[in-house]
Each structure stands twice: as structure tokens, then as C-alpha cells.
Amino acid sequence: MEPNLDNEEHFRPSYIASVEPLQRTGPVNVEDLKTDLSGDFSLVSSSSDTSQSCISVEDSTSIILKPPQNSLSRLSEKTAGQKFTFSQVFGPETTQEEFFEGTMKQPVQDFLDGYNRLIFTYGVTNAGKTYTFQGTEDDVGILPRTMDMLFKSIQGKLYTAMDFKPHRCRDYIKLTRDQVREETAIKNSILRLTKEVEEHFFLY
Ligand SMILES: Nc1ncnc2c1ncn2[C@@H]1O[C@H](COP(=O)(O)OP(=O)(O)OP(=O)(O)O)[C@@H](O)[C@H]1O
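The rules we used
Residues numbered from 1 in each chain as written. Predicted model: local features only at pLDDT ≥ 70, side-chain atom pairs only at ≥ 80, totals over all residues. Heavy atoms only, no water. UniProt positions renumbered as here; feature names shortened; annotations may be inferred. Helix = DSSP H or I, 4+ residues; strand = E, 2+ residues; numbered from the N terminus. Buried < 20%, exposed > 50% of the residue type's maximum accessible area, 1.4 Å probe, protein only. Axes fitted to C-alpha atoms, helices over the stretch in contact; angles between N-to-C directions. Parallel < 35°, antiparallel > 145°, perpendicular 65-115°, else oblique. Left-handed = near helix turned anticlockwise from the far one by under 90°. Contact = heavy atoms within 4.5 Å. Nonpolar A, V, L, I, M, F, W, Y, C, P; charged D, E, K, R; others polar. Salt bridge = Lys/Arg side-chain N within 4 Å of Asp/Glu carboxyl O. Phe/Tyr/Trp six-rings, centres within 6.5 Å; stacked < 30°, edge-to-face > 60°. Near = heavy atom within 4 Å. Polar contact = N/O pair within 3.5 Å; in protein donor to acceptor, adjacent residues only side chain to side chain. Areas by Shrake-Rupley, 256 points an atom, 1.4 Å probe, with all protein chains shown as cover.

Under the annotation held in an unreviewed UniProt entry, the chain carries the name Kinesin family member 20B and is attributed to Athene cunicularia. Comment text from UniProt for the chain, heading Subcellular location (unreviewed entry), reads "Cytoplasm, Cytoskeleton, Spindle".

The structure is reproduced here in C-alpha cells:
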């Protein structure tokens, strides 16, 4: 059935219908709608203003939120001046090394002692999560420092003999000489088989 477009009683809003100006029901108070955006725009255009700090570090465990200058947001007014406490606050002058020492060293040591540990970063875009984790080439973050600590700690402890075999999930069994010979024969036959398959593949 074709829709009855002339039927004004069954008005269907659509992008075509919205071309028609809305009927005003009364005078609009323009003063209620007016807002001075020059402050907001100057935040974007002036680089010195964009880097304004919204957080003031009170001490090593607490921060106070400051509203952004020229902020028109009611939400920020609500949280402005609120104090938040943490187990440790690192200020903007903290170096990557200090941050690693203060946050990661103990968990990495715990991990080396056999405990599970989880590290994650959380924050808005541009907060500095990647910078903290990865860092720069000249000033590496917590991930490369962690790897460095892990590898340094296992140096000299690597077992290079080939007489261990994984058994179940986390156990290893030490092989007898005969078992090592058997395992080596199995590995060699797998390698031979792989080579034959490769040659076959290249021939045809
Ligand atoms: N502590 C810091 N010192 C110097 N520069 C920093 C610091 N933290 C972040 N930056 C710089 O700020 C910018 C944004 O940081 P980064 O890319 O780490 O943010 P992010 O939280 O990972 O963002 P996204 O969620 O968008 O990936 C980068 O140019 C970074 O080099």
C-alpha cells in the first residue's frame, strides 16, 4: 500500500519533514542561550593554556582536582576542589627510573619468587599510559625495565642441557640416556620428514 503523504493528521518525522521550520509556541529568551565561547576557543588556540594542570599534588598520597580555567562545565564544578587519596602519588617531575623503583620493582621481585602479579595503566587518551609503559628510546618505561630485571635475574641460571622434557603442565622430567637417545631420534625423524615435505613442495 502507498503511504498517504498528504495526511497531516499522521505526521511522520523524517529528514524531509524537518526541512519545515518548527512552529514557535512563544518568545525565546535569547539571553538563556547566549554563551561566550571566546574563552574556550582561546584554550585551543593558545598552546600555553592547553597545558594547564587540572591536578594539584598535595602530598605523596593525595591530589586535589582544579577546574580548568574558563571551564563552563557544571560537572567539573562539582568535582573541583575534591581531594582523592591513593597509596602513592607520583608528581610530574618523577623520572621513569623513580617510577619503576616505586611501583614495579617489588611486583617483579614477587613474580620471580613465584607469585602472580598484574600491572595495568588506566586513563583518558593522552594521559601518558604508553609513555609510562613503553617510554622513549632515551628514557625507557616500566615494560623494558621489567624485562631487563627479569633477564638479568635468570642470567647464569639457564639450563642448557637437552635432557629435560615437559611433563603435564608445569612439571619437567629428567630423561635417562636411553630416553635422550629416543627423543633425539624422534626429533631427527620429524626434521627429516619436514625437509622431505619442503623438497616435494618445491619440486612440484
Ligand atoms: N610523563 C611524561 N613526560 C613527558 N611526556 C609525556 C609524559 N606522559 C606523556 N607524555 C607525552 O604525552 C603524549 C601522550 O602520551 P601517551 O601516548 O603515553 O598517552 P596514552 O595515555 O597512551 O594515550 P592513548 O590512550 O591515546 O594511547 C605523548 O606525546 C607522550 O610522549
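**Considerations on the UniProt feature "binding site: ATP" (unreviewed entry) in the chain**
In this numbering, the UniProt entry assigns the feature "binding site: ATP" (unreviewed entry) to Gly 123, Val 124, Thr 125, Asn 126, Ala 127, Gly 128, Lys 129 and Thr 130. When you line up the elements, Gly 123 lands in the loop between helix 5 (96–112) and helix 6 (129–133). Classification of Gly 123 by relative accessible area gives partly exposed; the value is 33%. As for its position among the elements, Thr 130 is in helix 6. Judged by relative accessible area, Thr 130 falls into the exposed class, the value being 54%.

**With respect to the packing of helix 5 against helix 7 (residues 142–154)**
The geometry of a pair of packed helices is captured by two quantities: the angle between their axes and the separation between those axes. As a packed pair, helix 5 and helix 7 sit with axes 10 Å apart at the nearest point and diverge in direction by 45°. Viewed along their axes, helix 5 and helix 7 adopt a mutual orientation that is oblique. Both helix 5 and helix 7 take part in a crossing whose hand is right-handed. Only Ile 142, Arg 145, Thr 146, Met 149, Leu 150 and Ser 153 of helix 7 make contact with helix 5, whose side of the interface consists of Gln 96, Glu 97, Phe 99, Phe 100, Thr 103, Met 104, Lys 105, Val 108, Gln 109, Phe 111 and Leu 112. Tallied by class, residues from the contact of helix 5 with helix 7 come to 9 nonpolar, 5 polar and 3 charged.

**Focus: the pattern of salt bridges**
Enumeration according to the criterion identifies 5 salt bridges in this entry. Its salt-bridge partner being Arg 145, residue Asp 139 comes within 3.5 Å of it at the nearest N-O pair. Owing to a relative accessible area of 19%, Arg 145 belongs among the buried residues under this scheme. Between Lys 152 and Asp 148 there is a salt bridge; the shortest N-O distance is 3.0 Å. Residue Lys 152 and its partner Asp 148 are both found in helix 7; the two are separated by 4 residues, about one turn of the helix. The class for Asp 148 is partly exposed, based on a relative accessible area of 39%.

**Re the packing of aromatic side chains**
The full count for this structure, using the stated rule, is 1 aromatic pair. Centroid distance Phe 90 to Phe 99: 4.9 Å. Interplanar angle 75°. Geometry classified as edge-to-face. For Phe 90, a relative accessible area of 28% puts it in the partly exposed group. Among the residues examined, Phe 99 registers a relative accessible area of 22% and is labelled partly exposed.

**Some words on the environment of Gly 91**
Relative to the elements of secondary structure, Gly 91 occurs in the loop between strand 3 (83–85) and helix 5. Overall, the relative accessible area of 15% leaves Gly 91 in the buried class. On a C-alpha basis, the gap between Gly 91 and Ser 60 in space is 8.2 Å, while along the polypeptide they are 31 residues apart.

**What about the site of the ligand?**
Near the ligand the following residues occur: Val 124, Thr 125, Asn 126, Ala 127, Gly 128, Lys 129, Thr 130 and Tyr 131. In the environment of the ligand, an oxygen atom lies 2.6 Å from a nitrogen or oxygen atom belonging to the side chain of Thr 130. For the ligand, the protein covers 50% of the area, taking 630 Å² as the surface of the free molecule. Here the shell around the ligand is built from residues that sort into 3 nonpolar, 4 polar and 1 charged.

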